[in-house]
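Letter by letter, the chains look like this.
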Amino acid sequence: MISVKFLIIEDKDADYELLVRSIQKHDIKADFVRVLDAQDMRKALIDHNFDAVVSDYILPKLTGLEALRLFKSFKLNIPFITLSDTGAEDIALEMMREGADDYVVKSHIERLYHSVIHLLHKYESIRQKVKLDKAIKESKEQYRLIAENATDMITRHDLLGFYNYVSTSSYTLLGYAPADLLSKNAYDFLHPDDLEKVKSGLNEFLKMGLGIHTTSYRYKKKDGNYVWIESTNKLTFKENTGEIEGVISISRDITERKLFESKLEEKIKELDTFIYRSSHDLKGPLASLQGLINVSKSEVQDIKAKEYIGLIERSVNHLDNILMDLLNITRITQGSIKYSKLNLATLISDTISSFENLAEYKKIEWLLDIDENILLITDKSLINNVLHNVIINAIKYYDRNKSNSFVKIVAHTYNQNVELIIEDNGEGIPEELQKNIFDMFFRGNTKSSGTGLGLYIVKNAVEKLGGQIELKSKENKGSKFTITLPLNLEIVQSNELKFLN
Amino acid sequence: MKKYKKVMLIDDSEIDNLVNKHILSKSDIADEIQIFSLAQDALDFFTNSDENNYPQLILLDINMPIMNGFVFLQEYSKLLGDRTSKIHVFMLTSSVDPNDIRKSEDYSFVKGFISKPLSLEHLNKF
């Protein structure tokens, strides 16, 4: 039940009674304060919180108009209704012009209730709207404060790139005042070399139509220098139609990061070159040593000397293995892929036969389940590297305590990929070492005489070829490498055809 | 294995020349082995000597001071012109750089690329 507190300005007792009764008839909790003159009216308006004011238009001590003016001076957001007699509507209309909300003819006093209810609703919705407007204004102000005080620059531009909002941080970031940029085109400030990349990136983003898009580019500052900027972009939409309207960007200076990145890249390149050059330069004297050893082996007769030469040879060969692995790594990281169409079964059987001279080879049963027809387009030297390193591990670490050592190689295709499984029942790799097994220079076996680079090379080569490698192993049970490589057969259609044999 | 009248070694490494000479003479591949440790000296030899004294096989190192193997190939090709067809050149080098292999393939008279150290098995290629 609603409760309404009335201020009634009415001198005639009978009229007042009628009025009160006409209201009380309804399901409403009504309170009434009755005043007769201006002084009481002022006091009542101060002392009480009224919901509505009803005033007769003519009173002995006060006219309706005076009452209205007094009421208006309080600036209350409540309705003022004037009463009038039949035939005095002109006065009532004048009161309306002065700002009364409604008039009710005394002979139809029952209309007062409906008028009050209607006006209370009207005032309530006005109050709501005022409150809402205030909240919106506050929130806008808050956003403006955030935008203006953030160190990142916040901008909004339309689909053609014309700015329609620029936050004041444009000054610290670019040297431009917001007014310098407003209604200018953002693309005009971009470095020519970055323009196409940014444009096509944004077009892709517009096509997708949602999410967040990050892009970096060089932007011409007011002083003419370029600064590296990274922008995070979000689309804005028209409220009524939902069409894309423009883009809001938050931009920051990433010059330092870019400088750091390029320095880092340079260093990595230097490091790669260093490994490459030094491995090459070491290879020369090493080859000389190998040649000398070969000559000595055939010339020297002394038994002791022959033994020492044999030991020197082992050391030299180990050094050679390390150098070849290092060279392989630089080739994998720096080199470009040279595609050719290869038969996987042939590659595998060639690799296996290259191990025929190893003593362990004869101890192992080879179980092959390879589709003879699998063709893939890949880099021959990289894939041979992978096969060589994985298979030689299976051979070297066969379990001497088992009588039925095997290496099982299975290959089949699925979804434009080939899955190659190389499984053995060898010594296996302890679980705690498995996470490091693909690391550079990691050697997972105390008996290992290797370089600690084999599986590092494998992983890098597989990834360079666009594939994946996974290890499952159990100590004393065996290891299983699963390698997935793309068949790349579609490459034949592209320009790379000329590189194929 | 073919038998040559003369084989020329161009290599700055004394040890490699010793090893290579040893293997070549042991294999009896040639009547004469001529060694240059400077590529320029080899070029001078071709400039100054009679065609009858030219070798039929050259083993050429790549990484040499002053004039490396590739510069030698360029100059040698210019100097001999059509006469290069009578002489087979093999690159004999410790380089395993695929780029070096590719570069040497530019010359039709370069017949192969051998990784050091030279061994008896290599000689069957000649």
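Computed from a prediction, not measured in an experiment: that's the story for all the values here.

Cut-offs applied
Residues numbered from 1 in each chain as written. Chains lettered and ligands numbered in written order. Predicted model: local features only at pLDDT ≥ 70, side-chain atom pairs only at ≥ 80, totals over all residues. Heavy atoms only, no water. Axes fitted to C-alpha atoms, helices over the stretch in contact; angles between N-to-C directions. Helix = DSSP H or I, 4+ residues; strand = E, 2+ residues; numbered from the N terminus. Parallel < 35°, antiparallel > 145°, perpendicular 65-115°, else oblique. Left-handed = near helix turned anticlockwise from the far one by under 90°. Contact = heavy atoms within 4.5 Å. Nonpolar A, V, L, I, M, F, W, Y, C, P; charged D, E, K, R; others polar. Buried area = accessible area lost by both parts, 1.4 Å probe. Salt bridge = Lys/Arg side-chain N within 4 Å of Asp/Glu carboxyl O. Polar contact = N/O pair within 3.5 Å; in protein donor to acceptor, adjacent residues only side chain to side chain. Pairing = 2+ DSSP bridges.

1. Topic: the packing of helix α3 (residues 64-73) of chain A against helix α4 (residues 89-98) of chain A
All names here are of chain A. Contact pair α3 / α4: the axes reach a minimum separation of 10 Å and the direction vectors enclose 15°. With respect to their mutual orientation, α3 and α4 come out roughly parallel. α3 and α4 meet at a crossing whose hand is right-handed. Residues Gly64, Leu65, Leu68, Arg69 and Lys72 of α3 pack against Glu94, Met95 and Glu98 of α4. Grouping the amino acids of the contact of α3 with α4 by side-chain chemistry returns three nonpolar, one polar and four charged.

2. Looking at the interface of chain A and chain B
If you look at the interface, chain A gives 19 residues, while chain B gives 16 residues. Taking both partners together, chain A and chain B bury about 1,300 Å²; carbon and sulfur atoms supply 63% of that area. Applying the counting criterion to the chain A and chain B interface returns zero salt bridges. On inspection of chain A and its partner chain B, the count reaches four residue pairs in polar contact (both at pLDDT 80 or more). Among the elements of the structure, α9 (255-299) and α10 (303-334) of chain A are those that each provide at least two residues to the side of chain A that touches chain B. The dominant element in the side of chain A that touches chain B, judged by the number of residues it contributes, is α9 of chain A, at 15 residues. Tallied by class, the residues present in the side of chain A that touches chain B amount to six nonpolar, seven polar and six charged.

3. Notes on the pattern of salt bridges
Residues and elements named next belong to chain A. Applying the stated criterion to the full structure yields 39 salt bridges over all chains. Lys106 is paired through a salt bridge with Asp56; the nearest N and O atoms lie 2.7 Å apart. With Lys106 in the loop between β5 (102-105) and α5 (111-149) and Asp56 in strand β3 (residues 52-56), the pair connects residues that are 50 residues apart, well separated along the chain. Across the pair Lys207 and Glu204 runs a salt bridge whose closest N-O atoms are separated by 3.3 Å. Taken together, the residues Lys207 and Glu204, both in helix α8 (residues 192-208) and three residues apart, mark about one turn of the helix. Each of Glu10, Asp11, Lys12, Asp15, Asp56 and Lys106 takes part in salt bridges that share partners, so that together they form one network.

4. Let's talk about the sheet that holds strand β4 (residues 88-93) of chain B
Residue and element names in this part refer to chain B. Reading across the sheet, the five strands line up as β2-β1-β3-β4-β5 and stay open at both edges, with parallel pairing between neighbours. The open sheet is flanked by β2 (30-36) and β5 (110-115), the only strands paired with a single partner. Shown here is a sheet whose adjacent strand axes are inclined to one another by a mean of 20°, direction ignored.

This is a description of form; function is not addressed.
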